[in-house]
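Chain by chain, the residues run as shown.
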Amino acid sequence: MSLNILVVDDSTVVRLSIVRALRLAEIPVGEVHEASNGQEGLAVLKDHWVDLIFADINMPVMNGEEMIKHIRAEPAWEETPIIVISTEGSRTRIERLEQAGARFVHKPFSPETIREVINEITGICHEQQV
Ligand SMILES: [Mg+2]
């Protein structure tokens, strides 16, 4: 089993570093979709099946928080795992995101952290070791 992922971040460098971290962490990745803001992210979700979403918070056009609100309002996506990767420090904002069912990872992040979080959400790394 591999995961189709969507990476939403306005920085190309960050998007690449997330994809690279997934490879380093030996996460079985299927399709990789990228979007540079929330609106583009929602458009990708309409056309493709995605197992896991990485989202930035601060982005032009539509920020991550707003995108997550839209995602959770859609029955087909209400359970889709979301990992927010951001430099955001506001506890209130992080709590709001966690209430929407998103996991929060601070930037900069290590492949190990990504692996741990994905494993907690999906159990996919254990599955692979068996
Ligand atoms: Mg940003």
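Structure shown above.
From a predicted model like this one, the values you see are computed outputs, not experimental measurements.

### A word on the nonpolar core
- Counting residues in hydrophobic clusters, the biggest one holds 26 residues, and the most contacted among them are Leu6, Val8, Ile53, Phe54, Ala55, Ile82 and Val84.
- Among the secondary structure elements, those contributing two or more residues to this core are strand 1 (3-8), helix 1 (12-24), strand 3 (52-55), helix 3 (64-72), strand 4 (82-86) and helix 5 (111-122).
- Apart from residues no more than four positions distant in its own chain, Val84 is found in contact with Ala55, Ile57, Gly64, Leu97, Ala102, Arg103 and Phe104.

### Let's talk about unusual backbone geometry
- A cis geometry characterises the amide bond from Lys107 onward to Pro108, with omega recorded as -5 degrees.
- Inspection of the secondary structure puts Pro108 in the loop between strand 5 (102-106) and helix 5.
- Positioned with a positive phi, Glu26 is a non-glycine residue whose angle comes to about 55 degrees.
- Structurally, the position occupied by Glu26 is in the loop between helix 1 and strand 2 (29-35).
- You will see that Val61, though not glycine, has its phi angle at about 70 degrees, which is positive.
- A count of 12 C-beta atoms within 10 Å places Val61 in the exposed class.

### Remarks on the packing of helix 2 (residues 38-47) against helix 3
- Orientation of helix 2 relative to helix 3, taken along the N-to-C sense of each, is 30 degrees, at an axis distance of 9 Å. As far as their axial angle goes, helix 3 and helix 2 are roughly parallel. Helix 3 is crossed by helix 2, and the crossing has right-handed handedness. Between helix 2 and helix 3, the contacting residues are Gly38, Gly41, Leu42 and Leu45 on the first element and Gly64, Glu66, Met67, His70 and Ile71 on the second.
- Grouping the constituent residues of the contact of helix 2 with helix 3 by class yields four nonpolar, four polar and one charged.

### Regarding helix 1
- Spanning 13 residues, helix 1 covers 18 Å between terminal C-alpha atoms, matching the ideal 18 Å at 1.5 Å per step.
- Looking one or two residues beyond helix 1, the residue adopting positive phi is Glu26, at roughly 55 degrees.

### Structural notes on the sheet that holds strand 3
- Pairing is parallel in the open sheet, where five strands are placed in the order 2-1-3-4-5. In this open sheet, the two strands that pair with only one neighbour each are strand 2 and strand 5. Strand-to-strand, the axes of this sheet are offset by a mean angle of 20 degrees, without reference to chain direction.
- Here strand 4 pairs with strand 5 via five bridges, running parallel. Within the sheet, the bridge partner assigned to Ser86 lies in strand 5 and is His106.
- The sheet strands contacting helix 2 are strand 1 and strand 2, and the helix crosses strand 1 at an angle near 160 degrees.

Calculation rules
- Residues numbered from 1 in each chain as written.
- Predicted model: local features only at pLDDT ≥ 70, side-chain atom pairs only at ≥ 80, totals over all residues.
- Core = buried A, V, L, I, M, F, W, Y, C linked by C-beta atoms within 7 Å.
- Buried ≥ 20, exposed ≤ 12 C-beta atoms within 10 Å, placed from the backbone.
- Helix = DSSP H or I, 4+ residues; strand = E, 2+ residues; numbered from the N terminus.
- Contact = placed C-beta atoms within 7 Å.
- Axes fitted to C-alpha atoms, helices over the stretch in contact; angles between N-to-C directions.
- Parallel < 35°, antiparallel > 145°, perpendicular 65-115°, else oblique.
- Left-handed = near helix turned anticlockwise from the far one by under 90°.
- Nonpolar A, V, L, I, M, F, W, Y, C, P; charged D, E, K, R; others polar.
- Expected span 1.5 Å × (residues − 1).
- Pairing = 2+ DSSP bridges.

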